[in-house]
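# Residue-level structure breakdown
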Amino acid sequence: MERIPFGIKGLDEMFGGGLVRKSICSLIGTYGTGKTTFALQFIYEGLRQGEKVIYFSLEEREDRIYDIMADRRFRVDKYRDESLFVIKLDPTDFNLSINSIKKDLPELITTIGATRVVIDPPISLFEGLYDDPSERRREMFYFIELLRDLNANFLLTSETSTTDSYASKYGLIEYLSDTVVVLRYIRPEDFTEVHMSIEVVKMRRSNHSREIKPYEILQDRVNVYNEASVF
Ligand SMILES: Nc1ncnc2c1ncn2[C@@H]1O[C@H](COP(=O)(O)OP(=O)(O)O)[C@@H](O)[C@H]1O
Ligand SMILES: [Mg+2]
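Below is a short write-up of the structure. Please read these numbers as outputs of a predicted model, since none were measured by experiment.

Quick look at helix H6 (residues 133-148) now. Between its terminal C-alpha atoms H6 stretches 22 Å, which fits the 22 Å expected from 16 residues at 1.5 Å a residue. Buried residues along H6 sit in contact with strand S3 (24-28), helix H4 (94-112), strand S6 (116-119), helix H5 (123-127), strand S7 (153-158) and helix H7 (173-176).

Here we take up the packing of aromatic side chains. What the rule picks out here adds up to 7 aromatic pairs. With a centroid separation of 6.4 Å and 90° between ring planes, the pair formed by Phe 94 and Phe 126 is classed as edge-to-face. One end of the pair, Phe 94, is in helix H4; the other, Phe 126, is in helix H5, and 32 residues separate them in sequence. What makes Phe 126 buried here is its relative accessible area of 1%. The rings of Phe 6, Phe 15, Phe 38, Phe 42 and Tyr 215 are connected pair by pair, giving a single aromatic cluster. Above the plane of the ring of Tyr 66 lies Arg 80, whose end atom (NZ or CZ) is 3.7 Å from the centre. Arg 187 extends its terminal NZ or CZ atom over the ring of Tyr 185, reaching a point 4.9 Å from the ring centre.

Cut-offs applied
- Residues numbered from 1 in each chain as written.
- Chains lettered and ligands numbered in written order.
- Predicted model: local features only at pLDDT ≥ 70, side-chain atom pairs only at ≥ 80, totals over all residues.
- Heavy atoms only, no water.
- Helix = DSSP H or I, 4+ residues; strand = E, 2+ residues; numbered from the N terminus.
- Expected span 1.5 Å × (residues − 1).
- Contact = heavy atoms within 4.5 Å.
- Phe/Tyr/Trp six-rings, centres within 6.5 Å; stacked < 30°, edge-to-face > 60°.
- Buried < 20%, exposed > 50% of the residue type's maximum accessible area, 1.4 Å probe, protein only.
- Lys NZ or Arg CZ within 6 Å of the ring centre and 35° of its normal.

In short, the description is geometric, and any link to function would need to be established separately.
Okay, here's the thing in structure tokens:
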């Protein structure tokens, strides 16, 4: 099976070599666990591999997004609007945002020839548009089906459930995605420092690590310590 490197060595090892080509991966974690950082790493890896990438963001100003990448020492200027396409969504109207993704994404992907697409605004924001759980389930199902018809690898992010740190906010996206990665804080009583842990909880059509591994966010990269143990 063809593998796509995520771009974080330890995580690619946990995946058994990388993501399965043309699959949908979700990153579940609360704010500050590093979802955006992981997503940028995924994009940067694509660019280095000569791929075309699309990054959806809620940042109001495009320059901010490039500033964040520059802070991270990601040299993306030469890719900007050539193979890296940043698309700002309207942070005041998620309904409009999701509709524009649904409407424009198929054509965008085909025109650009994009093979990596990141939707960084947590998918929970879109799920939250529906009050009725069955309507939410149906809408998300159709949305994911739409992505499946496109010839790209998708990375989605999601907020965590308030009651279960292994579940997404609405408990849906983990069923719809091919690969699910959970990012968590660990605050052990005898530790003075917060640790971060990563786990691949699901990966369709692939063998993968079931271990909980520590990770660290540095300025210019994420380290996943696949040889280490959190306990
Ligand atoms: N430029 C940076 N250098 C080092 N660490 C950073 C930098 N930017 C963010 N971080 C760290 O990474 C953490 C995760 O940030 P982020 O990826 O935005 O998380 P999320 O998208 O899950 O909210 C931040 O809380 C901070 O600790
Ligand atoms: Mg973020």
